[in-house]
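# Reading the structure
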Amino acid sequence: MFLKQLDLTTALRPSLLPDETLLFVQDAVGLYDGKFKIPEYQNGHAYLTSHRACYVDNEEPRKYAVAIDLKDVDRSEFYAGFLKSSPKVTLYPKPLKRTSLSTRGPPWTPSPAPTGGTQSSPQRSLTASPAPLPASATWVCPICSFSNPIPSNFDPATANNRTPIPPCLACGIKPPLVHVVKAAINAMGKRQAVQQPITSQQATTPTIPSNDYGTFRCPRCTFENHPSLINCEMCGASLVSAPDRRLDLGPNPVERSESPAPMFTGLAIQDDAIESVKFSFRNGGDKIFHERLKGALVQRKWLLQSAPPVPQPMRTENGNNPIEPPSTIGGSILDRNKVVGIAGLERRGQEQRKNNELVLGNAFEDLEALMTSAKEVIALAEKFSSQANPNGTGSEADAVLSQSASALGLVTTKDMLSSGSDSLYISELSRNLAEFLTDDSKGVLKREGGIISLVDLWAVFNRSRGGVELISPNDFEKAAQLWDKLKLPVRLRRFKSGLLVVQGYDRTDEKTIAGLLSWLGTLHSLSPGEALTWDSQAYGRGVTAQEVAEHFGWSLGVATEELDMAEEQGALCREQGLDGIRFWENWLMKLPPVQMT
């Protein structure tokens, strides 16, 4: 199964696997099954990661989201586009995933010439003696991607390391023997499928157009080919292929859409008959996508998931020669296991310091080593930070911001997008913010009582990026305004005073008022510390904005705005005295009117 269902995050982006990083994002992308468009997969986002190539639809992302594991990809091809045809990147599955030749449709048969006194064109001989290799058999150079012809005397059954193989005609490098053998077997398999005898059932299949001169016209480039050829001499298209699936669309011609490719409705995600999948780029980004795709296919980072950790040799104090394993020194068991007490603690601390020096020394040797040891370095920095502040006097926000390892690979920077795509950058930033707010491990909204001002969120989010790709206030506000349009689980709210706050999508004024009244109701049973002039058991007491902010975890500005909102709704009333403003339950609306005599 080449196309697989994709799990999405709360921000409707691909849920990344462990050690998976985001490489590139592009909008206005469609999917093709071979030459045919896939319905409902024509307007979405393409996400390229170190492990997968993903597609997420814009209209119904939960329903139409698929992914292709790069470990199942055999090769990729790039098409630059022409006229109305958009640039495309094609992914081919590995041979084991391809469908067998027996599942293909019957071969084409030549059609008789039209009546009118002319003789019919010569019949195509499909039962001729089979040749070892077709004349058009080629192998693609893995270095320069040039298509080279396979020698006519090459036999894949008897080929060995001593078999002479000509080098590439373009770059001059000899290909691996296995590479040429696979290409020869594939070409022979296609030739055998073509040379099967024609049955009466196959006689009704579509025909190849021919003319009075006995040549066959290529359906792709209209070049007149010799009858003995299987592939077009000009463009390489197959002259004997399966029936066109576009014939199933009906006898009436379909009107041409913006793209000349036909639409195919017979695809299922679980279909194993997919021979290739194309990503069609209607708004640029195709070249960057293909370059980073080739890099991901070369690096093959998915192999590191089950790989054991790299052994780190121990060094002497001068850092030059490695020490042999302690188990082989003197032929006895580890000596350090025998050391206890203060000496054991000192040795353990010394070994820990040597290990830290080794990690830092290897990580900063070059950039590649630093990226490989990124997690270890960050974990070490967090450990040093916790040791420098053992009492935990820092704020809760600082504790969350210090965990910058979780942000690796999850932050969409401008180098992950095509140049000039400001709208795409803002939309991906909006999704980043939604994931940041709804992440249970960070608990940003939960810690702030379910609501936080936009200014505070801007400061917290910028500090969490560790000084990389800081967000301007203008871009931050634009990204927050897209939450409703992108149907994300958070929303931006503006109070009457103009204060902008961020809260969950399911949070309403009714729930906020109910929470305030429930808390004020618990104050009835509390015994007052001093004598009061009213019945506290019946009426409770008033609260200030500071007390509300401390109880619900809100900032002082948010608490003031929420109390004003509850007052406008008639749930609370205010008392303004010498000690400030206090808010009470609105007993004026609950008590019965007093009859004046």
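An account of the accompanying structure is given in this report. Keep in mind that what you see is a predicted model, and the values were worked out from it rather than measured.

## Quick look at the nonpolar core
Counting residues in each nonpolar core, the largest one holds 36 residues, and the members touching the most others are Leu437, Leu457 and Trp483. Not counting the four nearest positions on each side in its chain, Trp483 is found in contact with Ser430, Leu433, Ala434, Leu437, Leu457, Leu488, Val490, Arg491, Leu492 and Val502. Judged by nonpolar contacts, the second largest core, of 26 residues, contains Tyr41, Tyr55, Val66 and Ile274.

## What to know about helix H7 (residues 422-438)
Under the 1.5 Å per step criterion, the end-to-end length of H7 is 24 Å for 17 residues, consistent within 8% with the ideal 24 Å. For H7, the tally of buried residues reaches 14 of 17 residues, placing the bulk of the element in the interior.

## Thoughts on the packing of H7 against helix H10 (residues 473-481)
For the pair H7 and H10, the least separation of the axes is 8 Å and the interaxial angle reads 75 degrees. Relative to H10, the element H7 lies roughly perpendicular. Contacts from Tyr425, Ile426, Leu429, Ser430 and Leu433 of H7 reach H10 at Asp475, Phe476, Lys478 and Ala479. Among the residues forming the contact of H7 with H10, the class breakdown is 6 nonpolar, 1 polar and 2 charged.

## Quick word on the pattern of salt bridges
Within the structure shown, the criterion is met by 16 salt bridges. Its salt-bridge partner being Asp72, residue Lys4 comes within 3.7 Å of it at the nearest N-O pair. Separated by 68 residues along the polypeptide, Lys4 in strand S1 (residues 4-5) and Asp72 in the loop between strand S6 (65-69) and strand S7 (73-79) bring together distant segments of the chain. You can call Lys4 partly exposed: its relative accessible area is 27%. Among the ionic pairs, Arg574 bridges to Glu567, the shortest N-O distance being 2.9 Å. Overall, Arg574 belongs to the partly exposed group, its relative accessible area being 37%. Glu567 gets classed as partly exposed once you look at its relative accessible area, which sits at 26%.

How each quantity is defined
- Residue positions are given per chain, counting from 1 as you read along its sequence in written order.
- The predicted nature of this model means local features are confined to residues of pLDDT at least 70 and side-chain atom pairs, given and counted, to a pLDDT of 80 or more, with totals for whole chains, interfaces and linings taken over all residues.
- Side-chain measures here rest on the full set of heavy atoms in the structure, leaving out hydrogens and waters.
- In these notes, a set of buried Ala, Val, Leu, Ile, Met, Phe, Trp, Tyr and Cys residues joined through side-chain atoms within 4.5 Å is what counts as a nonpolar core.
- Note on exposure labels: buried denotes an accessible area under 20% of the residue type's maximum, exposed denotes more than 50%, and partly exposed covers the range between, all computed with a 1.4 Å probe on protein chains only.
- Any two residues whose heavy atoms approach within 4.5 Å at even a single point are treated as in contact.
- Secondary structure elements follow DSSP: runs of H or I no shorter than four residues count as helices, runs of E no shorter than two count as strands, and numbering proceeds from the N terminus.
- Any helix carries an expected span of 1.5 Å times its number of residues minus one.
- Here an angle of 0 to 180 degrees is reported between the N-to-C directions of two axes, which are lines fitted to C-alpha atoms, with helices fitted over the stretch in contact.
- Note on terminology: angles under 35 degrees are roughly parallel, angles over 145 are roughly antiparallel, angles of 65 to 115 are roughly perpendicular, and the others are oblique.
- The classification used treats Ala, Val, Leu, Ile, Met, Phe, Trp, Tyr, Cys and Pro as nonpolar, Asp, Glu, Lys and Arg as charged, and all other residues, Gly among them, as polar.
- For salt bridges, the criterion is a side-chain nitrogen of Lys or Arg within 4 Å of an Asp or Glu carboxyl oxygen.

These results come straight from atomic positions and should not be treated as a statement about function.
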